[in-house]
Amino acid sequence: MNRQLSEIDPQTAWQPYRPSAENPWSTRLAAHLLRRAAFGGTITEISRAESAGPSETLDRLFDLEAAADFEKEMATAGRLVSSGADSRALSAWWLLRMVQTPVPLQEKMTLFWHGHFATGGDKVNDSRAMLRQNNLLRDHCLTEFQPLVREISCDVATLIYLDSEDNRKTRPNENYARELMELFCLGPGNYTEQDIKEIARCFTGWEVRRGRFNFNPYQHDEGTKAFLGASGDFDGNDAVGIVLEQPAAARFIARKLIRFFVFDDLEISDELAEPVAVRLRETSFNIGSALRMILESELFFSEHAIGHKIKSPVELAVGFLHFFNATTNMQQLSDRLAGLGQLPLYPPNVKGWDGGKTWINASTVLARANLINELANNATFADGSLSQWASSNGMSESDGVEMAEEFLLATPMPEETRRKISGELRSNDVQSARLIALVGALPEFQLN
Amino acid sequence: MYQRLNLYSLLVVMLGLLPSLLAKPAGAQESASPADFLPATTAVYVAVADPAALIDSVENHPVIQEIQAMPEYKDLIASPDFAPALIGLAFFENQIGESWREALATNTGGGLYLAVDAGTGGAAVIGKSNDEAKLRRLLGTALALSSMGPDGQQGDKPYEVKEYRGAKAASFDDFVVARYETWFVVTNKGEFAKLLVDNIIDGTDDSLASQDWFGEAVEHSASAENADAVAFINLETARVLGESEDIFRGRTDNPAIELMFGGILDTLKHAPYAVASLELEDDLGLSLSTPFESDWANEHRRFFYGSDLNGSAPAPLMPENAVASITSYRDIADWWLSKEDLYDENVIAQLAQADTQLSTIFSGMDFGQEVLGALQPGVQIVVAENTFSEDYSPDVKLPAFAMVGKLKDPGAIQPRLKIAFQSAIGVTNLQLGMQGQPQLAMDTEQVGSAKISSASYFVDGEDAEGLLLFNFSPSIAFQGEYFILSSTRDLAVELAWLAVNDPGSLEEAGRSINTSMQIDGGTLEQILIDNRESLIANNMIEEGNTRAAAEEQIDALLVFAAFLKETKLDYIVDESRMDLDVTVRFGD
């Protein structure tokens, strides 16, 4: 665990992974890929990924067309649960999507963008606007970044959340201009206060009226704006383009993708992020292309990445339900996730969730174990029960712990723990639930 | 001589009785009803005179027959999940040598009873068989099965066999099964079982049957002579056990409960007993009845009973697509003005704050005396299927609802109420505007002889499609002395029309109905059908179901909803008794 960034060679890190004698394609790597690019896999899915190999598995993960019927069903349900102002039901709806989706990478990326363009339902107080933003993030989850930022710049929920519903030329609102650069595109230190003032002028006349975006030409400043080395009569769309032309922009997005998908326990240097940034620049910021580069890299399948992320509460719960082909009351689950610090559609602030080690503290360790215990005992299993699930997945008392370790844990458990848990393994439901609760409380289970 | 004769005679009598005293304890055969041997401390006593007939009524009921004919039911019975239960039942019937229906008929031929005893804290199911041998065999088989492991082999007995005065008992961890001759008892307290056996054998002068309250309750229940099950509840005992509960102290700090059920709380505070009965033929009838005395009525609850306990609910206006209607004698002004005498300080403070705010909306009029005081006693709440325009149809279709009352002096108060309505809509519009929500546009019209003021949402964008707000177009209507406050204009118009053309009626032979409620199952079903998509979406989220699984569950719910035709509840109170009668009618 005590590793240094210097151990990673930026030149070779992003080379495509080639199975080798030292690092063969295996159940463990297949499970790792599905944990990161999805919310984990079932035993069947992991086995299929192992048989198919990394390239074919990635092809399957990136194929978002496979979900047309599911999308239609969920669109109807989403619209119906967003009839009122409260977005809590919408959080439950999204959790259901994550559990049931046939295209999990799409939901994982939507969750990534939700953390990036953080917007909270409590302040927006308009679940239809939250739903529209959620669909926007989903629609653009793997496409080019610039159109997404432009859409976000006139998204009602975003503008309400960032106190940017009103922007007049006599008094430009600097809130959105600041967040555009600091949180969305460049990161701190890559712009000046003057840049903020000038970009704010570009967005004058962009406003929210009666719950919809409106461009008010009378309030737009048509004068010349000068920022980030450019000058002209720019509007908001122009401003987004100029911001994304900055060298820091591609590195900023690359670093965020690496942190979300590869590891979050080390600071990512410019040198390590640069190859992914180059890919972004070469493809007009095509997120799908950059993400594929990351997910098929040597670094992603190396010991530097495996087990070097902590599961977020959403990954913990959705991953559990998906692995056991189980389901539960999503409204109650969303309440529990709120207690663990990650209720979808309710991020803590404009920066989204910090993630990484912040997911774990003295109170959440116990609460996470309790959540798994509760799900093991109260979830509805498609196979009827936990023991029937074990039976239908070929898991027996003799090899149960090994299978759980191989498919469910990112890193092996200590021998003493394995021995202790093996003694608990029985084929009845009560003991199966107890075993799962024990596994769920392991430090290894918290790793992604 | 006289003395010697007497002694001789006494000796002869005692010798003559000795064999019978030794052979057959007094009272054993004479106990026709458990009330004869249940202790005087019995708090609840339920008697099902003919359980087999009740089971027949259930099984032969048209609704049950329809359910049994459903493919889903047949699939369930044929499913592997159900197989163990059917196999177990067949095995059990084989062991006792008759079907479970025959066993039930025989072994509860003398009735099936439930008793809760405050003295021992025990609860017991008591039954009387027509055939001692069959009862012995039934209980023996059940005990043998309880010792049987999953492999069908006899294992350790989970019970201990005991014998007490000729009664055989099996004592489990949590309960006791005992048999004495043709009686059997299942109870959670061994002590209670012993007491019952003692009383059966020895008889008792201090039985439930000997209690005054029980005798009066039996007399009180004369109208329930055809009931399938009757329950007698000792409210004195309930009050002692629940002395800390507000419900038995005749008060509540919930204004809504006070308004709806305040008078019933008086009954619970004073009445010595309650009698409940159940009758099942094609319809299901439930009733709860207690004695009542005028002295029991809290002086501050005139709003509930009316003067001389003769407050009568107004005749209900019933729209064509009414889902539910509750009409009730309530003097709302009297209730509001009595709040200081009914509630604690917190509630009074909240109501006082509401009083001030409402007085502002009503242009400084005193809300209790002048606004509510303008209404005659009696109010109806009606719920009906909503109507929507094609342009503004909500995704979640809520029913419309309205309050109907009568004004004491319509001419004087109508302009005030109209202004207050305009003020309320204005305030609402300000709030909606601040939230970026669609606002309400007001309209005033004359429909027939009715004056209608209504407000409907004005929308000019596609983003508003399907909004919940479209369920509402708040309205008021004046029709003669009638005043209607409705959630939608269409319902207000229909009620105003009914007030003139079909004002309805409400009668109960010679008695004033205090409160009457009706629920129309057919319209309720239609509302559920209209909301099928919303119900499916909610089911998906609440149960975590796929759409296909959610559809299956919701469609099953709709099938069951179709069976409910009508539910009716009447609450009647007079100088001598209180009756709460519920009738549930099932459809074809």
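Residues numbered from 1 in each chain as written. Chains lettered and ligands numbered in written order. Predicted model: local features only at pLDDT ≥ 70, side-chain atom pairs only at ≥ 80, totals over all residues.

**Overview of the overall build of chain B**
Alright, step 1. Secondary structure assignment for chain B yields 21 helices and 20 strands.
Alright, step 2. Computed over its C-alpha atoms, the radius of gyration of chain B comes to 31 Å, more than 25% above the 25 Å expected for a compact globule of 588 residues.
Alright, step 3. Dimensions of chain B, computed from the C-alpha atoms along their principal axes, are close to 100 × 70 × 45 Å.
Alright, step 4. Of all 588 residues assigned to chain B, the portion counted as buried reaches 34%. (Helix = DSSP H or I, 4+ residues; strand = E, 2+ residues; numbered from the N terminus. Rg over C-alpha atoms; globule rule 2.2 N^0.38 Å. Buried ≥ 20, exposed ≤ 12 C-beta atoms within 10 Å, placed from the backbone.)

**Regarding the overall build of chain A**
Alright, step 1. The number of helices and strands found in chain A is 24 helices and six strands.
Alright, step 2. Its C-alpha atoms give chain A a radius of gyration of 23 Å, within 12% of the compact-globule value 22 Å for 448 residues.
Alright, step 3. The dimensions of chain A, computed from C-alpha atoms along their principal axes, are 75 × 50 × 40 Å.
Alright, step 4. Looking at chain A as a whole, 50% of its 448 residues qualify as buried.
Alright, step 5. Across chain A, the fraction of contacts at a sequence separation of at least 24, relative to all contacts at a separation of at least 6, is 73%. (Contact = placed C-beta atoms within 7 Å.)

**Quick look at the packing of helix α10 (residues 145-153) of chain A against helix α14 (residues 236-244) of chain A**
All names here are of chain A.
Alright, step 1. At a closest axis distance of 10 Å, the pairing of α10 and α14 adopts a crossing angle of 140 degrees. As judged from the angle between their axes, α10 and α14 are oblique. Of the two elements, α10 crosses α14, and the hand of that crossing is right-handed. Here α10 contributes F145, Q146, V149, R150 and S153 to the contact with α14, which in turn contributes G236, N237, V240, G241 and L244.
Alright, step 2. For the contact of α10 with α14, the per-class residue count stands at four nonpolar, five polar and one charged. (Axes fitted to C-alpha atoms, helices over the stretch in contact; angles between N-to-C directions. Parallel < 35°, antiparallel > 145°, perpendicular 65-115°, else oblique. Left-handed = near helix turned anticlockwise from the far one by under 90°. Nonpolar A, V, L, I, M, F, W, Y, C, P; charged D, E, K, R; others polar.)

**Side note on helix α5 (residues 68-81) of chain A**
All names here are of chain A.
Alright, step 1. Its 14 residues place the ends of α5 20 Å apart at the C-alpha level, agreeing with the 20 Å of an ideal helix rising 1.5 Å per residue.
Alright, step 2. Buried within α5 we find M74, A77, G78, L80 and V81. In a view along the axis of α5, the buried residues occupy a sector of 160 degrees, so they form one face of it. Turned more than 90 degrees off the buried face of α5, the exposed positions are A68, D69, K72 and A75. (Expected span 1.5 Å × (residues − 1). Arc of directions from axis to C-beta.)

**As for the pairing of strand β10 (residues 284-291) of chain B**
Two faces belong to every sheet, and in a regular strand the side chains alternate between them.
All names here are of chain B.
Alright, step 1. Here strand β9 (residues 273-280) runs beside β10; their pairing, made up of six bridges, is antiparallel. Across the sheet, residue S277 finds its bridge partner in β10, namely S287.
Alright, step 2. Counting the residues that bridge the hairpin from β9 to β10 gives three residues. (Pairing = 2+ DSSP bridges.)

**With respect to the interface of chain A and chain B**
Alright, step 1. In this assembly, 24 residues from chain A lie in contact with 20 residues from chain B.
Alright, step 2. Among the secondary structure elements, those contributing two or more residues to the side of chain A that touches chain B are α5, α6 (88-100) and α19 (330-340) of chain A.
Alright, step 3. For the side of chain A that touches chain B, the residue count by class is nine nonpolar, ten polar and five charged.

**As for the pairing of strand β20 (residues 577-586) of chain B**
Residues and elements named next belong to chain B.
Alright, step 1. Across eight bridges, the pairing between β10 and β20 is antiparallel. Within β20, the residue paired with L286 across the bridge is V582.
Alright, step 2. Strand direction decides the pairing type here: strand β19 (residues 564-573) and β20, joined by nine bridges, are antiparallel. The residue bridging V573 from the neighbouring strand is M578, located in β20.
Alright, step 3. Here β19 folds back onto β20, and the loop between the two strands holds three residues.

**Describing the environment of B:E385**
All names here are of chain B.
Alright, step 1. Checked against the element boundaries, E385 lands in the loop between β12 (379-384) and β13 (400-406).
Alright, step 2. Residue classification places E385 among the partly exposed positions, given that 19 C-beta atoms sit within 10 Å.
Alright, step 3. Separated by 13 residues in sequence, E385 and L398 have C-alpha atoms that sit 7.9 Å apart.
Alright, step 4. In contact with E385, other than residues within four places in its own chain, are N321, V323, P399, T523, Q526 and I527.

**Observations concerning the packing of α6(A) against α19(A)**
When two helices pack together, their arrangement is captured by the angle between the axes and the distance separating the axes.
All names here are of chain A.
Alright, step 1. For the pair α6 and α19, the least separation of the axes is 8 Å and the interaxial angle reads 100 degrees. It follows from the interaxial angle that α6 and α19 lie roughly perpendicular. Of the residues in α19, those in contact with R88, A89, S91, A92, L95 and L96 of α6 are M330, Q331, L333 and S334.
Alright, step 2. Within the contact of α6 with α19, the residues separate by chemical class into six nonpolar, three polar and one charged.

**With respect to the nonpolar core**
Alright, step 1. In terms of nonpolar packing, the biggest core is built from 150 residues, with A:C185, A:V243, A:A254, A:L257, A:V276 and A:I294 touching the most fellow members.
Alright, step 2. If we ignore the near neighbours within four places in the chain, the residues touching A:L257 are A:V276, A:A290, A:L291 and A:I294.
Alright, step 3. Counting residues in each nonpolar core, the second largest holds 73 residues, with B:V177, B:W183, B:F184 and B:Y273 among its members. (Core = buried A, V, L, I, M, F, W, Y, C linked by C-beta atoms within 7 Å.)

**Considering unusual backbone geometry**
Alright, step 1. The backbone of A:F285 shows a phi angle near 60 degrees, a positive value even though the residue is not glycine.
Alright, step 2. A positive phi is found at B:E181, a non-glycine position, where the angle reads about 50 degrees.
Alright, step 3. Tracing the backbone shows B:E181 in the loop between β6 (176-180) and β7 (183-187).

**Here's the deal with the confidence of the model for chain B**
Any segment with low pLDDT has predicted coordinates that should not be analysed in fine detail.
All names here are of chain B.
Alright, step 1. Looking at chain B as a whole, its pLDDT mean stands at 87, while 93% of the residues score no less than 70.
Alright, step 2. Segment residues 1-30 is flagged for pLDDT under 50; beyond a separation of four residues in sequence, or across chains, it makes eleven contacts in the model.
Alright, step 3. On the interface metric, ipTM, the complex scores 0.87, and its pTM is 0.78. (pLDDT = per-residue confidence, 0-100.)

**Side note on helix α12 (residues 175-185) of chain A**
Residue and element names in this part refer to chain A.
Alright, step 1. Counting buried positions along α12 gives eight out of eleven residues, so the element sits mostly inside the fold.
Alright, step 2. Its buried side turned inward, α12 meets α10, α11 (156-161), α13 (193-202), α14 and α15 (247-261).
Alright, step 3. Of the residues one or two after α12, G187 is the one with positive phi, at around 90 degrees.

**A closer look at the environment of B:R416**
All names here are of chain B.
Alright, step 1. Turning to its location among the elements, R416 is positioned in helix α17 (residues 410-434).
Alright, step 2. Judged by local crowding, R416 falls into the partly exposed class, with 15 C-beta atoms found within 10 Å.
Alright, step 3. Excluding residues that lie within four positions of it along the chain, R416 makes contacts with F362, S363 and M365.

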